[in-house]
Amino acid sequence: MTRMRNAVHPTVLRGAVAGACLIALVGCGSGGGGADAAGGSDEAALALSEQPTVDDVPKLAIQDMPAFPIEKYLPAVGDDARIAAASGEFIRVCMARFGYAYKVPAINQGTLDSHENGANRVRRYGVSGATFADTYGYHLPQAGAQPAPGAETQPMSETENKIFIGDQDPANGAEAGAKVAGKVIPPGGCSGEAQRKLGIKQRQRMAEKINNVSFARSQENPQVKKALNAWSRCMERNGHPYKSPLEPLNDIQGESAKPAEIATASADVACKDSVNLAGTWFAIESSIQEELISRNEEVLVADAKMFDSLVRRASAKIDKAG
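Residues numbered from 1 in each chain as written. Predicted model: local features only at pLDDT ≥ 70, side-chain atom pairs only at ≥ 80, totals over all residues. Heavy atoms only, no water.

Trainee: What should I look at first to understand the state of the cysteines in this one?
Mentor: Structurally, a disulfide amounts to a covalent bond that connects the sulfur atoms of two cysteines. One pass over the full model with this rule turns up 2 disulfides. Note on cysteine connectivity: C94 is disulfide-linked to C190, with sulfurs 2.0 Å apart. The S-S bond linking C94 to C190 shows a torsion near -75 degrees; that makes this disulfide left-handed. With C94 in helix α1 (residues 77-97) and C190 in helix α5 (residues 189-198), the pair connects residues that are 96 residues apart, well separated along the chain. In terms of burial, C94 and C190 fall into one category: buried. One disulfide in the model links C234 with C271; its S-S distance is 2.1 Å. (Disulfide = S-S within 2.5 Å. Helix = DSSP H or I, 4+ residues; strand = E, 2+ residues; numbered from the N terminus. Buried < 20%, exposed > 50% of the residue type's maximum accessible area, 1.4 Å probe, protein only.)

Trainee: What is the right way to read the packing of aromatic side chains from this model?
Mentor: What characterises a pair of aromatic rings is the spacing of the ring centres plus the angle enclosed by the ring planes. Here the structure, examined in full by the defined rule, presents 7 aromatic pairs. Plain terms: the ring middles of Y102 and F164 are 6.0 Å apart, the flat faces sit at 40 degrees to each other, and that makes the pair tilted. With Y102 in strand β2 (residues 101-102) and F164 in helix α4 (residues 158-165), the pair connects residues that are 62 residues apart, well separated along the chain. Residue Y102 shares its accessibility class with F164, and that shared class is buried. Taken together, F68, Y125, F215, W281 and F282 form an aromatic cluster joined through their ring pairs. (Phe/Tyr/Trp six-rings, centres within 6.5 Å; stacked < 30°, edge-to-face > 60°.)

Trainee: I would appreciate a short explanation of unusual backbone geometry in the present structure.
Mentor: The phi angle of most residues is negative, glycine excepted, and most peptide bonds adopt the trans form. Even without being a glycine, A181 presents a positive backbone phi close to 55 degrees. In this structure, A181 sits in the loop between β3 (179-180) and β4 (183-184). The phi angle at R205 is positive, at roughly 55 degrees, despite the residue not being glycine. Tracing the backbone shows R205 in the loop between α5 and α6 (206-218).

Trainee: Would you explain α5 in this entry?
Mentor: Three or four residues apart is the spacing at which side chains of an α-helix point the same way, because the helix has 3.6 residues per turn. With 7 of its 10 residues buried, α5 lies for the most part within the structure. For α5, every residue scored as buried is listed here: G189, C190, S191, G192, E193, A194 and L198. A positive phi of about 80 degrees marks G199, the residue just after α5.

Trainee: In this structure, what is going on with the packing of α6 against helix α9 (residues 277-295)? I would like to understand it.
Mentor: Two quantities define a packed helix pair, namely the angle between the axes and the distance from one axis to the other. Put simply, α6 and α9 touch, their axes get as near as 9 Å, and they point 135 degrees apart. One finds that α6 runs oblique with respect to α9. Viewed along their axes, α6 and α9 form a crossing whose handedness is right-handed. Listed contacts from α9 to I210, N211, V213, S214, F215, R217 and S218 of α6 are W281, I284, E285, I288, Q289, L292 and I293. (Axes fitted to C-alpha atoms, helices over the stretch in contact; angles between N-to-C directions. Parallel < 35°, antiparallel > 145°, perpendicular 65-115°, else oblique. Left-handed = near helix turned anticlockwise from the far one by under 90°. Contact = heavy atoms within 4.5 Å.)

Trainee: What's the story with the packing of α4 against α5 in this structure? I'm lost.
Mentor: Contact pair α4 / α5: the axes reach a minimum separation of 2 Å and the direction vectors enclose 25 degrees. Relative to α5, α4 is oriented roughly parallel. Contacts between α4 and α5 pair I163, F164 and I165 from the former with G189, C190 and S191 from the latter. Taken together, the residues that form the contact of α4 with α5 break down as 4 nonpolar, 2 polar and no charged. (Nonpolar A, V, L, I, M, F, W, Y, C, P; charged D, E, K, R; others polar.)

Trainee: Looking at this model, I keep getting lost on the confidence of the model for the chain. Mind explaining?
Mentor: Close reading of the predicted structure is inappropriate where its pLDDT is low. Residues of the chain with pLDDT of at least 70 account for 83%, and the chain-wide mean is 84. When pLDDT is averaged over each element of the chain, helix α7 (residues 222-237) comes out on top at 98 and strand β1 (residues 4-5) at the bottom at 44. Contacts of residues 6-40 to residues separated by more than four positions or lying in other chains number 99 contacts, the stretch itself having pLDDT below 50. Scored below 50 in pLDDT, residues 144-151 shows 3 contacts in the model against residues more than four places distant or in partner chains. (pLDDT = per-residue confidence, 0-100.)

Trainee: I would appreciate a short explanation of α7 in the present structure.
Mentor: With 16 residues, α7 extends 23 Å between its outermost C-alpha atoms, agreeing within 8% with the 22 Å of an ideal straight helix rising 1.5 Å per residue. When we look at burial in α7, the residues that qualify are V224, A227, L228, A230, W231, S232, C234 and M235. As for α7, its buried residues are in contact with α6, α8 (259-274) and α9. Put simply, N221 is the residue that caps the front of α7, since its side-chain oxygen is 2.8 Å from the backbone nitrogen of Q223. Downstream of α7 by one or two residues, G239 has phi in the positive range, about 85 degrees. (Expected span 1.5 Å × (residues − 1). Polar contact = N/O pair within 3.5 Å; in protein donor to acceptor, adjacent residues only side chain to side chain.)

Trainee: Could you clarify how one ought to interpret the nonpolar core in this entry?
Mentor: As a rule of thumb, nonpolar side chains are buried together in soluble globular proteins. The biggest cluster of nonpolar side chains holds 43 residues, and the ones touching the most others in it are M65, I70, I210 and L300. Residue assignment for this core shows that the elements contributing at least two residues are α3 (130-136), α6, α7, α8 and α9. The greatest single-element share of this core, amounting to 9 residues, is contributed by α9. Apart from residues no more than four positions distant in its own chain, L300 is found in contact with I70, Y73, M206, A207, I210 and I293. In this structure, I83, Y102, A194 and L198 belong to the second largest nonpolar core, which totals 22 residues. (Core = buried A, V, L, I, M, F, W, Y, C linked by side-chain atoms within 4.5 Å.)

Dropping the structure here:
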């Protein structure tokens, strides 16, 4: 029996940050990620010579965050979405050969056109902007079309999963050369076939690593620590004992902000601006990124060229299907 499925396997696609990335093939950071990104052979490439000191810190309101240096190399949400859409179409065709109907997850035009990226400036240092805080608190606005009825993600059956993942994961998939309905499952399953047809190759993902590592290392910087402490004291004077602007994001409850949350978020923004937290943090993190970019520029350029080529192929596939 043919089964309708809207499942997206992590081998091909990865979940992303709410409000910033809906579908990401090559990764999308929330601004966090921490030092774990600097592991293995990347340790030397991502190590700092020393913590930077910035003498001329710009005065910067949290709502006016400029682009970070690493954003030049970070994949855009819209480009990720194009790759996801093209991959999904190849998977659909492959699954159909075995008698299963794979429903490609819908991606709206707003996502395809998005130039947002993993720097996630709107939430990188917590809530950004008084107008936003006064309206949504720490919640994200409900943007974009809601999923159509019946479009919810459903788990694949055991057989569908074998066809989808093939021999990429022996524990959950199938051995090489396994058959279903008399047909041989392609190497890596239908997801592997989609990657080969689209020309997806392993990248070093250095931009994403720098994006994550700079965020983690910046929090260890004396100037940033001083600014964070000043923000924390300001918040405490206003009756909100938080140590970090990221802590309130863990306390979000319900689908919309209550008055108490809005009051906290409004005080949060006011305290950030009063101690110039954004100016200090941005200056330090940008300095960290610039050092890591200069050390890894060859890899970053190669990754970017490979990704741009992949986006062009994905766009051509989408245009042809349309």
